[in-house]
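Residue-level listing of the chains:
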Amino acid sequence: MLMPPTEPDAPERILKMLHLVVMQAMDLPQTNRRDFVQDEVAAVRRHLLEKYSGNPEAHAAAEKFTERLDEWAMDLLRLTEVGGGSSGCA
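These notes cover the structure that comes with them. These numbers were taken from a predicted model, which means no experiment stands behind them. (Residues numbered from 1 in each chain as written. Predicted model: local features only at pLDDT ≥ 70, side-chain atom pairs only at ≥ 80, totals over all residues. Heavy atoms only, no water.)

## Here's the deal with the pattern of salt bridges
Cut-off, in case you're wondering: Every case where a carboxyl oxygen of Asp or Glu lies within 4 Å of a side-chain nitrogen of Lys or Arg is listed as a salt bridge. In this text, helices come from DSSP runs of H or I with a minimum length of four residues, and strands from runs of E with a minimum of two, each type numbered from the N-terminal end. For the exposure calls, accessible area comes from a 1.4 Å probe over protein chains only, and a residue counts as buried if that area is under 20% of its type's maximum, exposed if over 50%, partly exposed in between.
Counting across every chain of the model gives four salt bridges. Put simply, Arg45 and Glu63 hold a salt bridge, and the shortest N to O gap is 4.0 Å. In this pair, Arg45 sits in helix H2 (residues 30-51) while Glu63 sits in helix H3 (residues 56-82), placing the two residues 18 residues apart along the sequence. Residue Arg45 is classed as partly exposed on the basis of its relative accessible area, which comes to 27%. By relative accessible area, which is 32% here, Glu63 ends up partly exposed. Here Arg78 makes a salt bridge to Asp75, at a shortest N to O gap of 2.3 Å. Taken together, the residues Arg78 and Asp75, both in helix H3 and three residues apart, mark about one turn of the helix. Owing to a relative accessible area of 40%, Asp75 belongs among the partly exposed residues under this scheme.

Written out as structure tokens, the structure reads:
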């Protein structure tokens, strides 16, 4: 599992992490990719929710963010698949 970044540049690093997860998924058979990405995102979600469990406001923000993280990861996976993978060639 990739650990989510918590530094000030976290948004950019989270996007890089999503890209890495999707690129790792592209090395798998197509039938396994979605499950792999969902498992990785679920692990990140658990980590963030645990990290912010003591701060209700931060926990709520992390929960909302990670719900969308799954959507973004799936969208990036679809885009990468139809765009021809990391090379962008179909």
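## A short note on H3
We count it as follows: In this analysis, the expected span of each helix is defined as 1.5 Å times one less than the number of residues it contains. The term polar contact refers here to a pair of N or O atoms within 3.5 Å; inside protein, the definition further demands a hydrogen-donor-capable atom paired with an acceptor-capable atom, and it admits residues adjacent in sequence only when both atoms are side-chain atoms.
Taking 1.5 Å of rise per residue, the 27 residues of H3 would be expected to cover 39 Å, and the 39 Å separating its terminal C-alpha atoms lies within 8% of that figure. Of all the residues in H3, the buried ones are Ala62, Thr66, Leu69, Ala73, Met74, Leu77 and Thr80. One side-chain oxygen at the N-terminal end of H3 lies 3.2 Å from the backbone nitrogen of Glu57; it belongs to Asn55. Just downstream of H3 lies Gly84, where phi reads positive at about 90°.

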